[in-house]
Structures are given as structure tokens and as C-alpha cells.
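# Report on the structure
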Amino acid sequence: MPSVAELAKETSMLFVNQHFSLSGVKPLPPSVIDIGGIHIQKAKPLDAELQKFIDNAEHGVVFISWGSMIRAETMPPAKREAIIRAVKRLKQRVIWKWENATLEHKPDNMYVSKWLPQRDILCHPNVKVFMSHGGLLGSSEAAYCGVPVVVTPMFGDQFLNAAALKYRGMGVVLKYNDITENSVLRSIREVLKKQ
């Protein structure tokens, strides 16, 4: 492997996974190309049950997904129950990427699944809020689809992405340690005002 100094001398072009809509506008040399959002593909049809759940959401949908690295099922019961109690108080329907086969005390307005086609859900016009961990790909998809975010960063670049979403008026930050029934409800309602 060449040294970093050698790589710096020999690099002709750099493709960077960022986009000005999230990272802001900055002067870059012509050899640095932003390709953020390149992963976003044409929408695919949703399965019939999920499609019906979203289509029939008279007051819209809140979509909760903390990506593939954070398993929602491992959250402490108090945090899980706080989210469930908040969801019960919403008139919106809620879709939650939940990795276990069952969710105890699941409210009637909630749809859970171990895997969900995130981009296809986010771009549905009935989706009004995205509760996310602030991963770059999901943040890019939310920006692309125009869905405001309640972001709960956990590690790595998620804190920077959360700050970018908040700074650009695309969402609010709800710290993991601050998750309560009232804070979840307040954050969702605040983001709903951005619609």
C-alpha cells in the first residue's frame, strides 16, 4: 500500500459521498466531485399490505427506522414504551422497522416489520415524518424525498448529520438520553409543523 504522501501526490480525482443540500455549499477544486445521493434509485412498488397501510393514512405516516447497525429491539424497555405511548397519542399511522417478530403493546396505528424499503416509503406522499438515527444514506433519502426528520444520533457521523438537518431546517434533534413519551410527541409535532 502506498504511503498517504504518495497517495496525495498521485490522486487525480476524489469522489466524495456528500451533497450540498446536507453538507452546505463549499468551494471545491474541480478534482473533487460530490456524489452524495448516488445510491438513490427509482422507486419500486411496495408490497400490497404496506401500500394499503400508507395509502389509507388519512393524517399521514410517521416512519421510524434506525438503520441496519442499530437494532431497535435492543433498546431499554422504558425507551421502547415511551415511543409506544407517544405513538398511541398520534392521529398519524406509524411504520417502525422493528427487528423482532413481535412488539409487545403494539398500538393499532402501528405497522412493524424486520425490513422495510426505506427510500420507497420515504418518497410516498403520505409520509410526513422520518424518525432516524441520522445515518448519511437515510438523511440523504429524507432530503431527496422532502421528509423532515426527528433525528436521534447514536455514533460516528450521525451527530454531524443531525446538526446539518437541524441547521438547514430539515429536522429536529432528539437525544437518545432524552427519549420520553412527551419528548417524542413534542419532537414529532414540531416536525409536522414543517409540512
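Look up: the structure comes first, before these words.
The structure reproduced in this document is the subject of the present report. As a convention, each chain's residues are numbered from 1 in the sequence order in which they are written. With the structure being a predicted model, the display of local features is reserved for residues of pLDDT at least 70 and the display and counting of side-chain atom pairs for 80 or more, all residues being used for whole-chain, interface and lining totals. Working from all heavy atoms in the structure, the side-chain values ignore hydrogens and water.

### Describing the overall build of the protein
- Numbering of helices and strands runs from the N terminus, with a helix taken as a DSSP run of H or I at least four residues long and a strand as a DSSP run of E at least two residues long. Counting its regular elements, the protein contains eight helices and eight strands.
- With respect to the principal axes defined by its C-alpha atoms, the protein has extents near 60 × 35 × 35 Å.
- Type-normalised accessible area, obtained with a 1.4 Å probe on protein chains alone, sets the label of each residue: buried when under 20%, exposed when over 50%, and partly exposed for intermediate values. Put simply, the protein has 195 residues, and 47% of those count as buried.
- Contacts are residue-level and defined by heavy atoms, with any inter-residue pair within 4.5 Å sufficient. In the protein, the proportion of contacts linking residues at least 24 apart, taken out of those at least 6 apart, comes to 55%.
- Calculation of accessible area relied on Shrake-Rupley with a 1.4 Å probe; when residues are assessed, cover is drawn exclusively from the protein chains displayed. Accessible surface, the protein as shown: approximately 10,900 Å² in total, 56% of it carbon and sulfur.
- Within the protein, the 18 negative side-chain charges are centred at a point lying 6 Å from the centre of the 25 positive side-chain charges. Residues scored as positive are Lys and Arg, those scored as negative are Asp and Glu, and His as well as the terminal groups of each chain are ignored. In plain terms, the charge of a residue is placed at NZ if it is Lys, CZ if Arg, CG if Asp and CD if Glu.

### Observations concerning the layout of surface pockets
- The calculated volume of the largest pocket comes to roughly 370 Å³.
- Using a 1 Å grid laid over the protein atoms alone, points where a 1.4 Å probe fits but cannot get out form a cavity; open sets with protein on both sides within 12 Å along at least 5 of 7 lines form a pocket; any residue with an atom within 4 Å of a point counts as lining. Taken together, 18 residues form the lining of the largest pocket, with Gly67, Ser68, Gln118, Leu137 and Gly138 sitting closest to its centre.
- Broken down by secondary-structure element, the contributors of at least two residues to the lining of the largest pocket are helix 5 (118-122) and helix 6 (136-145).
- Considering only residue class, the lining of the largest pocket consists of six nonpolar, nine polar and three charged.
- Approximately 230 Å³ is the volume found for the second largest pocket.
- Along its surface, the second largest pocket is lined by 14 residues, and Leu22, Ser23, Leu136, Leu160 and Asn161 are the ones closest to its centre. Grid points are joined across faces, edges and corners, and a volume is the space filled by probe spheres set on the points. For this classification, Asp, Glu, Lys and Arg are treated as charged, while Ala, Val, Leu, Ile, Met, Phe, Trp, Tyr, Cys and Pro are nonpolar and the rest, including Gly, are polar.

### Here's the deal with a nonpolar patch on the surface
- Taken together, the side chains of Met13, Phe15 and Ile33 present a nonpolar region at the surface, about 290 Å² in accessible area.
- By relative accessible area, Phe15 is classed as exposed at 54%. By definition, no residue in a patch forms a salt bridge, and every one has over 30% relative accessible area; like charges are joined within 9 Å, nonpolar side chains (Val, Leu, Ile, Met, Phe, Trp, Tyr) within 5 Å. Salt bridge, as used here: a side-chain nitrogen of Lys or Arg that lies within 4 Å of a carboxyl oxygen of Asp or Glu.

### Quick word on the side chain of Arg80
- By the element assignment, Arg80 lies in helix 4 (residues 77-88).
- For Arg80, which is buried and forms no salt bridge, the nearest opposite charge comes from Glu81, at a distance of 4.1 Å.

### Looking at the state of the cysteines
- The disulfide definition used here is simple: a pair of cysteine sulfur atoms within 2.5 Å. Enumeration over the complete set of coordinates arrives at one disulfide.
- Disulfide partner of Cys123: Cys145, at an S-S distance of 1.9 Å. Between Cys123 and Cys145, the S-S dihedral sits near -75°, and the bridge is therefore left-handed. Residue Cys123 is located in the loop between helix 5 and strand 6 (127-132), and its partner Cys145 is located in helix 6; the two are separated by 22 residues in the primary sequence.

### Here we look at helix 8 (residues 181-192)
- The end-to-end C-alpha separation of helix 8 is 17 Å, in line with the 16 Å expected for 12 residues at 1.5 Å each.
- Next to the buried residues of helix 8 lie strand 3 (61-65), helix 4, strand 6, strand 7 (149-151) and strand 8 (171-173). Under the convention used throughout, the expected extent of a helix is 1.5 Å for every residue step, that is, one less than its residue count.

### A short note on the pairing of strand 6
- The buried count for strand 6 comes to five of six residues, which makes it a mostly enclosed element.
- Should DSSP find at least two bridges between two strands, the strands are regarded as paired. Strand direction decides the pairing type here: strand 3 and strand 6, joined by five bridges, are parallel. Bridge pairing in strand 6 places Ile64 opposite Met131.
- Where strand 6 and strand 7 come together, three bridges link them in parallel fashion. Each residue of the ladder has a partner; that of Met131, found in strand 7, is Val150.
- One crossover worth recording links strand 6 to the parallel strand 7 by way of helix 6, and it is right-handed. With the strands aimed away from the viewer, a crossover counts as right-handed if its path from the first strand over the helix to the second runs clockwise.

Shape is all these values report; function is a separate question.
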